[in-house]
Number of protein chains: 2
Amino acid sequence: MVKERRPRPWQVMREEQKGEFDIFTVRSMHARSPEDGSVHEFNVACAPDGVAVIAVTPGDQLVMVEQWRHPLQRVTLELPAGTMDEGERPEDAGTPELREETGYEGSEPEWIGAAALNPSWQNTRVHAVVVRGVRRAGEKELDEGEETGVRCVPVADVKRMVAGGEIDSATTVAALAAFFWRREAELDG
Amino acid sequence: MVKERRPRPWQVMREEQKGEFDIFTVRSMHARSPEDGSVHEFNVACAPDGVAVIAVTPGDQLVMVEQWRHPLQRVTLELPAGTMDEGERPEDAGTPELREETGYEGSEPEWIGAAALNPSWQNTRVHAVVVRGVRRAGEKELDEGEETGVRCVPVADVKRMVAGGEIDSATTVAALAAFFWRREAELDG
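Residues numbered from 1 in each chain as written. Chains lettered and ligands numbered in written order. Predicted model: local features only at pLDDT ≥ 70, side-chain atom pairs only at ≥ 80, totals over all residues. Heavy atoms only, no water.

Caption draft 1: Region of the structure containing the interface of chain B and chain A. Facing the 77 residues of chain B at the interface are 77 residues of chain A. For the pairing of chain B and chain A, the buried interface totals around 7200 Å² over both sides, and the portion due to carbon and sulfur atoms is 64%. Seen at the junction of chain B and chain A, the total is 8 salt bridges. In this structure, the connection of chain B to chain A is made through 17 residue pairs in polar contact (both at pLDDT 80 or more). Here the element with the most residues in the side of chain B that touches chain A is helix α3 (residues 170–188) of chain B; it accounts for 10 residues. (Contact = heavy atoms within 4.5 Å. Buried area = accessible area lost by both parts, 1.4 Å probe. Salt bridge = Lys/Arg side-chain N within 4 Å of Asp/Glu carboxyl O. Polar contact = N/O pair within 3.5 Å; in protein donor to acceptor, adjacent residues only side chain to side chain. Helix = DSSP H or I, 4+ residues; strand = E, 2+ residues; numbered from the N terminus.)

Here is the structure:
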């Protein structure tokens, strides 16, 4: 196995806030290279961590949401997901997030992993939790300007829908990979 | 299968640029709800699309890179990836990206899919291409301030490394899911 030297840490010299928008802020980090001591500036878009919910019905379907996504100017099919409050646990955030976006409720959420949204210039992590035995428990409670269409998708179809591009949100796909590949690792192990 | 009405498009009334940083710009979109006609503002972080390269050696290993990631303040293990120029095809961007970050070269890249980085407030898509038969062809050609450690990982280990969190970049995992699940769909189909 080829393996070169692991890159070493850079030392952060100073940080400053450069912009503030509703969902994210932009911070500038000035950091010193461990190679040659030179200082470079890196802009980072900072946003709260999130949680994506893999909600499985007794009939082995996933409860997913269709939404109009302004940046893409189209409808996507994604896992129910949202941002977490400071200090909140993904397991605690998952239940209300699922309830509000879909009207479904189930078991206590089980944490299965977390993905880094974009290590290049963002600090956000999106956790994945699994909720089993979910059933419709009431109406959705959406924020103003939010509209979701609930769509239940057989678990057996999900990998094919990712392969075909019908499910293409990176954090949704990363959560699904954690879900399927943990299960495979358990079966193998 | 539960399926509610698919959300309808919002009409964009106007857009304006609100911030410019090296890698991304922030644009504000004012859009009208199809439900009640109200106009809401959405901030979008706009950055060029990217390409992630699944580079497979003759010995069935993936050529991956370790990098110090400033936003996360740690080293990650990711696919070689970078941004594309306006109008560039992922298949054309993949070869130089792989060469510069790792020193490896192989077959013509094959496009296998694309992931939306963050449909909530970003417009960026990251394409995935597969390059086969890769071999070390020379030295890396990194930008200033960039340092990568090349690490070859057996394809057979990759799913377990995602399940265990050792590989956790969302776009890397999304590209790997497209790679494995297309293969499964072909085997099934």
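Caption draft 2: Fine view of the nonpolar core. In this structure, Ile54, Leu176 and Trp181 of chain A together with Ile54, Leu176 and Trp181 of chain B are the most contacted members of the largest nonpolar core, which totals 58 residues. In this structure Trp181 of chain A touches Lys159, Val162, Ala163, Leu176, Ala177, Phe180 and Trp181 of chain B, once residues within four positions along its chain are discounted. (Core = buried A, V, L, I, M, F, W, Y, C linked by side-chain atoms within 4.5 Å. Buried < 20%, exposed > 50% of the residue type's maximum accessible area, 1.4 Å probe, protein only.)

Caption draft 3: Representation of the pattern of salt bridges in the model. Under the counting rule described, the total for this entry stands at 40 salt bridges over all chains. For Glu4 of chain A, the salt bridge identified is with Lys140 of chain B, shortest N-O distance 2.7 Å. Taken together, the residues span two chains, with Glu4 of chain A in the segment before β1 (11–20) and Lys140 of chain B in the loop between β11 (135–136) and β12 (148–154). Between Arg6 of chain B and Glu66 of chain A there is a salt bridge, with the nearest N and O atoms lying 3.0 Å from each other. With Arg6 of chain B in the segment before β1 (11–20) and Glu66 of chain A in strand β5 (residues 61–69), the pair connects residues from two separate chains. Assessed through its relative accessible area of 44%, Arg6 of chain B is described here as partly exposed. Residues participating in the shared-partner salt-bridge network are Arg6 of chain A together with Glu66, Arg151 and Glu166 of chain B.

Caption draft 4: Molecular detail of a negative patch on the surface. Negative charge collects at one region of the surface, where Asp36 of chain A together with Glu100, Asp143 and Glu144 of chain B lie side by side. For Glu144 of chain B, the position within the fold is in the loop between β11 and β12. (Patch = residues over 30% accessible without salt bridge, like charges linked within 9 Å, V, L, I, M, F, W, Y side chains within 5 Å. Areas by Shrake-Rupley, 256 points an atom, 1.4 Å probe, with all protein chains shown as cover. Lys, Arg positive; Asp, Glu negative; His and termini not counted. Charge placed at Lys NZ, Arg CZ, Asp CG, Glu CD.)

Caption draft 5: Representation of the side chain of Ser169 of chain B in the model. Tracing the chain through its elements places Ser169 of chain B in the loop between α2 (155–163) and α3. Those residues in contact with Ser169 of chain B that sit more than four places away from it in its chain are Ala116 and Pro119 of chain A together with Glu78 of chain B.

Caption draft 6: Seen up close, the packing of aromatic side chains. This model, assessed by the stated rule, comprises 11 aromatic pairs over all chains. Each ring, one from Trp121 of chain A and one from Phe24 of chain B, has its centre 4.2 Å from the other, and the planes form 10°; the classification is stacked. Within this pair, whereas Trp121 of chain A is found in the loop between β9 (110–116) and β10 (125–132), its partner Phe24 of chain B is found in the loop between β1 and β2 (25–32), the two belonging to separate chains. Since its relative accessible area comes to 5%, Trp121 of chain A is described here as buried. On the numbers, 5.5 Å between centres and 85° between planes, the contact of Trp10 of chain B with Phe42 of chain B is edge-to-face. Of this pair, Trp10 of chain B sits in the segment before β1 while Phe42 of chain B sits in strand β3 (residues 39–46); the two residues are 32 residues apart in sequence, bridging distant segments of the chain. Through successive ring pairs, a cluster of aromatic residues spans Phe179, Phe180 and Trp181 of chain A together with Phe179, Phe180 and Trp181 of chain B. (Phe/Tyr/Trp six-rings, centres within 6.5 Å; stacked < 30°, edge-to-face > 60°.)

Caption draft 7: Representation of the relation of the copies chain B and chain A. In screw terms, the move from chain B to chain A is a rotation of 180° and a rise of 0.0 Å along the axis, fitting with an RMSD of 0.0 Å. Those values place the two copies in the arrangement expected of a two-fold rotation axis. The fraction of interface residues of chain B whose copies in chain A are also interface residues reaches 100%, indicating that both copies meet through the same surface. (Least-squares fit on C-alpha atoms with pLDDT ≥ 70 in both.)

Caption draft 8: Geometry of α2 of chain B. Listing the buried residues of α2 of chain B in full gives Val155, Val158, Lys159, Met161, Val162 and Ala163 of chain B. Turning to α2 of chain B, the residues buried within the fold contact α3 (170–188) of chain A together with β4 (50–56), β5 (61–69), β6 (74–78), β12 and α3 of chain B. Positive backbone phi, at 90°, marks Gly165 of chain B, one or two positions downstream of α2 of chain B.

Caption draft 9: Geometry of the side chain of Thr124 of chain B. Residue and element names in this part refer to chain B. For Thr124, the position within the fold is in the loop between β9 (110–116) and β10 (125–132). By relative accessible area, which is 5% here, Thr124 ends up buried. A distance of 3.1 Å separates the side chain of Thr124 from the backbone oxygen of Ala47, its partner in a polar contact. Non-local contacts of Thr124, meaning those with residues more than four positions away in its chain, are made with Ala47, Pro48, Asp49, Ala115, Ala116 and Leu117.

Caption draft 10: Examining α3 of chain B more closely. Given a rise of 1.5 Å per residue, 19 residues ought to cover 27 Å, and the 26 Å separating the end C-alpha atoms of α3 of chain B matches this to within 8%. Of the positions making up α3 of chain B, those classed as buried are Ala170, Thr171, Thr172, Val173, Ala174, Ala175, Leu176, Ala177, Ala178, Phe179, Phe180 and Trp181 of chain B. (Expected span 1.5 Å × (residues − 1).)

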